[in-house]
Amino acid sequence: MAERPRLLDACREALRIPADCTDFDAEIEDLIEAARAAMRAGGVADAVSADDSNGTVRLAVKVYCRANFGMDNPDAERLAQTICLP
């Protein structure tokens, strides 16, 4: 089985940012940490929220990033409802 890409790379791909563009990495890394914090606030165990090999965690982080990336995101409200953001 092929190795999964790093979560940062997977989020960059989910945001349709080319792999060679690292201009937004700091913002994406902050969003990844915010997603993990939101999971913990919702009752997910620390160890689970930190498990990058967990497909559910990876998907939740990518959706969180898509919902919160950028200032003028037309999909933000729909995606926020998908992941039950306040």
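To be clear, the structure that these remarks concern was listed above.
All of the points below concern the structure found in this document. Keep in mind that this is a model prediction, so the values were computed, not measured.

## Points about the nonpolar core
And then number 1: Core analysis: the biggest nonpolar cluster contains 16 residues, and C11, I28, I32, V61 and C65 have the highest contact counts within it.
And then number 2: Top contributing element to this core by residue count: helix α2 (residues 25–41), with 5 residues.
And then number 3: Not counting the four nearest positions on each side in its chain, C11 is found in contact with I28, I32, V61, K62 and C65.

## Regarding the packing of aromatic side chains
And then number 1: Evaluation of the coordinates by the stated rule reveals 1 aromatic pair.
And then number 2: Arranged with centres 5.6 Å apart and planes meeting at 85°, the rings of F24 and F69 form a pair that is edge-to-face. Taken together, the residues span a long stretch of sequence, with F24 in the loop between α1 (7–14) and α2 and F69 in the loop between α4 (55–68) and α5 (76–82) at a distance of 45 residues.
And then number 3: Take F69: its relative accessible area is 17%, and that puts it in the buried class.

Parameters at a glance
Residues numbered from 1 in each chain as written. Predicted model: local features only at pLDDT ≥ 70, side-chain atom pairs only at ≥ 80, totals over all residues. Heavy atoms only, no water. Core = buried A, V, L, I, M, F, W, Y, C linked by side-chain atoms within 4.5 Å. Buried < 20%, exposed > 50% of the residue type's maximum accessible area, 1.4 Å probe, protein only. Helix = DSSP H or I, 4+ residues; strand = E, 2+ residues; numbered from the N terminus. Contact = heavy atoms within 4.5 Å. Phe/Tyr/Trp six-rings, centres within 6.5 Å; stacked < 30°, edge-to-face > 60°.

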